[in-house]
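# Per-entry structural report
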Amino acid sequence: MAGERVLVVDDRRDNIEFVVDYILKPNGYEALTAKDGEEGLRKALTEDPDLIIMDNNMPKMTGLQVMEALKEKGLTIPVILMTFHGSESLAVQFFRLGVKDYMIKPFTVEEILESIDRALTEVRLRKERDQALASLVQANRQLGRRVKELKILYGIGKSVTSLLDLEKLLARVVEAAVYITGAEECFLMLVDEDTGELYIRAAQGLKERYPQSLKLRVEDSIADGVVRTGEAVMIGGPASEKDIRTAYLVKALLSAPLKTKDKVIGVLSVDNKTSDKTFTDNDLYLLSALADYAATAIENAQLFTAVKSERSKLETIIGSTEDAVIITDSETRVLLLNKAARRAFGIESAEVTNKPIAQVVKNESLINLFIRSIDDSQIQRGEIPLEDGHTLNANLTPIPGVGYAAVMQDITYLKELDRMKSEFVSNVSHDLRSPLTTIKGFVQLLPKAGPLTPLQQEFSAKVLKGVDNITELIGDLLDLGKIEAGVGLEMDVCQVEAIINKTVEELRSQAEAKRQRLDVELTPQLSPVLGNDLRLGQVVANLVGNAIKYTPEGGLISVRASNDDGQIVVSVQDTGFGIPPTDQPYIFDKFYRVESEETDDISGTGLGLAIVKSVIERHNGRVWVESEPGVGSTFTFILPKYNWQKV
Ligand code: ADP
């Protein structure tokens with residue numbers, strides 16, 4: 001590699017010329033010259049040559065002295081010594097001082113060239129090694145700095161993402177942004193979800209311009225651009241001052257988007273307002289990384305705040321409700337228990353959260369309700385008697401992912417009302433029936449008091465008929481009242497087949513009196529239903545009774561029952577007068593009777609079908625009619641089959 005600088009030091013001009021003109025220049029080396037040792041030393045110190053070719057015997061300073069001086073100064077420029085006569089002791093001294101070669105004049109061009117090349121190869125290698133070392137040191141330093149930055153960033157990220165208080169979090173983010181970029185100012189803007197406008201939510205170094213304002217609308221085209229594109233922006237350098245059209249004038253600016261999974265929620269910006277220091281790509285990288293941490297943390301904090309406020313709203317609502325509410329996790333450990341529940345179950349301990357329900361509430365009925373719910377994960381309902389005599393009606397609902405929610409209303413007054421109603425119904429039925437029985441008894445006794453005139457007989461017959469009608473009406477009314485109030489409606493497993501057969505046999509004489517055929521067709525192995533024997537008997541009696549009443553002499557009445565996919569179907573068909581379509585929608589209403597010539601003389605209360613409907617609906621069934629005037633009617637009802645697994 002030519003181009004290296006070689007200093008030739010010799011007091012003889014012809015020697016210098018020989019070396020410079022015949023050896024150095026033709027081989028591409030740059031030559032420096034000195035005519036004595038002193039000048040040689042000076043030039044070695046100031047010009048920093050790559051190699052020195054030097055004579056020993058020179059005025060002012062010998063070659064040996066120059067080398068000693070160089071060594072003293074710590075210089076390690078390689079030296080080739082030229083001398084006329086060799087002396088071993090001189091050579092030893094030179095080599096001790098580190099001379100590279102020792103050449104006895106006269107020497108050939110090849111010899112000196114070879115020597116120069118050897119000495120410079122060493123220099124080159126050393127230089128390359130020094131350069132490699134320097135760049136290694138540089139790379140190490142950079143790596144060290146990057147590791148430090150990443151550690152800081154990681155630390156900041158950790159501290160930021162652990163904060164759930166939004167205001168504290170925002171303040172921490174701007175503080176960190178200033179720290180990692182060395183900027184003069186920082187501001188964090190968030191997008192308002194409703195308007196899409198940007199608001200400054202936290203700032204550092206902006207105090208003099210935005211005193212105490214923490215929610216300040218900004219119109220900033222750069223920040224708007226960052227939100228729109230989702231890309232970070234770096235603008236900098238003193239020259240671009242005029243180009244920075246932010247909300248105010250700055251000299252250098254970095255803006256990074258606060259990006260969550262699917263949208264940009266704000267912008268994190270740092271700037272230098274007075275300093276000429278521009279930002280680097282590394283600053284942008286660090287700010288963007290911080291913005292990523294911040295965006296996730298802000299989203300978490302916002303979600304947390306929303307959940308917290310929802311929870312406190314829920315707690316307020318549940319706390320202030322009159323119903324007792326207990327919410328547990330899936331292991332029935334208490335999550336929430338309101339004041340009404342504390343009052344009802346006499347819970348005094350302040351801390352009940354996370355304790356098993358059985359430890360907190362000492363009420364067997366409620367605990368059993370929880371046990372039942374765990375067993376079949378269905379809504380459980382039940383009455384919960386309390387120690388103070390009150391009764392709660394509890395609904396225990398399993399909530400997937402949460403556990404169980406028990407909501408309990410105080411039904412003490414309803415139970416009392418129920419008891420009073422039952423008492424009233426039975427009293428009234430007794431009080432109304434007994435005077436009628438008395439009237440009927442005395443009217444029947446009238447002939448015994450003396451012979452009645454034909455007119456008196458006719459009147460007393462009418463009184464008796466009237467009393468019968470009123471008795472039937474009262475009976476129907478009381479029945480309807482009882483059914484609607486759910487009084488005396490104890491449910492048990494019923495065999496519909498037996499109910500139908502028994503009722504039909506009781507009515508058979510009435511049908512025979514009108515020479516009607518009364519057929520019964522029942523599917524074998526009719527499924528049982530859960531119901532009230534007496535009331536279901538009343539349904540069949542009312543329908544078959546009506547069929548007999550509203551079918552002329554000699555007609556046909558068929559009672560059928562069959563199983564049909566989870567329910568049983570019972571129908572009563574007749575070949576009677578039928579019901580006009582306009583009346584059909586109303587015949588199940590209380591007191592509704594069809595007005596027609598054929599039925600005018602037939603007595604009734606208009607309550608029979610209302611009772612049928614009420615009883616069937618109480619049994620979770622349905623009843624309807626199909627009828628054609630002059631052809632006949634079919635009344636059908638369905639009842640759900642009894643499912644023993646569900647009970
Ligand atoms: P009522 O005591 O009048 O029989 P219901 O409630 O049993 O009262 O019946 C209401 C009305 O529906 C009856 O008045 C009658 O007009 C009509 N109705 C009931 N069953 C039949 C039937 N099988 N055929 C024709 N009409 C009927």
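Just above, that's the structure.
Heads up: these notes are all about the structure in this document. Note that the coordinates shown come from a computational prediction; the quantities given were computed from them, not determined experimentally. (Residues numbered from 1 in each chain as written. Predicted model: local features only at pLDDT ≥ 70, side-chain atom pairs only at ≥ 80, totals over all residues. Heavy atoms only, no water.)

### Here we look at the pattern of salt bridges
- Scanning all chains against the criterion turns up 31 salt bridges.
- Of the charged contacts, one joins Arg 129 and Asp 130 as a salt bridge, the two residues approaching to 3.7 Å between their closest N and O atoms.
- For Asp 130, a relative accessible area of 39% puts it in the partly exposed group.
- With its nearest N and O atoms 3.1 Å apart, the salt bridge here joins Lys 251 to Asp 276. In this pair, Lys 251 sits in the loop between strand E9 (233-235) and strand E10 (252-259) while Asp 276 sits in the loop between strand E11 (264-272) and helix H8 (281-320), placing the two residues 25 residues apart along the sequence.
- Here the salt bridges share partners, and the residues they tie into one network are Glu 4, Asp 117 and Arg 124. (Salt bridge = Lys/Arg side-chain N within 4 Å of Asp/Glu carboxyl O. Buried < 20%, exposed > 50% of the residue type's maximum accessible area, 1.4 Å probe, protein only. Helix = DSSP H or I, 4+ residues; strand = E, 2+ residues; numbered from the N terminus.)

### Description of the pairing of strand E21 (residues 567-574)
- Within E21, six of the eight residues are buried, which leaves the element mostly enclosed by the surrounding structure.
- As paired elements, strand E20 (residues 556-564) and E21 share eight bridges and run antiparallel to each other. By the bridge assignment for E21, Ile 557 is matched with Asp 574.
- Here E20 folds back onto E21 in antiparallel fashion, the turn holding two residues, of which Asp 565 has a positive phi close to 40°. (Pairing = 2+ DSSP bridges.)

### Comments concerning the packing of helix H1 (residues 13-24) against helix H5 (residues 109-161)
- Following both chains from N to C, one finds H1 and H5 inclined at 80°, their axes separated by 11 Å at the closest point. On the basis of their axis angle, the class for H1 and H5 is roughly perpendicular. Listed contacts from H5 to Phe 18, Tyr 22, Ile 23 and Leu 24 of H1 are Val 109, Ile 112, Leu 113 and Ile 116.
- For the contact of H1 with H5, the residue count by class is eight nonpolar, no polar and no charged. (Axes fitted to C-alpha atoms, helices over the stretch in contact; angles between N-to-C directions. Parallel < 35°, antiparallel > 145°, perpendicular 65-115°, else oblique. Contact = heavy atoms within 4.5 Å. Nonpolar A, V, L, I, M, F, W, Y, C, P; charged D, E, K, R; others polar.)

### Description of the packing of helix H6 (residues 166-181) against H8
- Running from amino to carboxyl end, H6 crosses H8 at an angle of 175°, the nearest separation of the two axes being 10 Å. Here H6 is positioned roughly antiparallel relative to H8, judged by the angle of their axes. Here Leu 166, Leu 169, Leu 170, Val 173, Ala 176, Ala 177, Ile 180 and Thr 181 of H6 come into contact with H8, specifically with Asp 283, Leu 286, Leu 287, Leu 290, Ala 294, Ala 297, Ile 298, Ala 301 and Gln 302.
- For the contact of H6 with H8, the class distribution of residues is 14 nonpolar, two polar and one charged.

### A short note on the nonpolar core
- By size, the foremost hydrophobic cluster in this structure holds 41 residues, and its most contacted members are Ile 500, Leu 543, Val 544, Phe 635 and Phe 637.
- Listing elements by their share of this core, those giving two or more residues are helix H13 (454-485), helix H14 (496-513), helix H15 (533-549), E20, E21, helix H16 (608-618), strand E22 (622-628) and strand E23 (632-640).
- Take this core: its biggest share by element is seven residues, from H15.
- Excluding anything up to four places from it in sequence, Phe 637 contacts Val 539, Val 540, Leu 543, Ile 568, Val 569, Val 570, Ile 616, Arg 622 and Val 623.
- By size, the runner-up hydrophobic cluster in this structure holds 37 residues, among which are Leu 153, Leu 166, Ala 176 and Ala 301. (Core = buried A, V, L, I, M, F, W, Y, C linked by side-chain atoms within 4.5 Å.)

These figures come from the coordinates and say nothing about function on their own.
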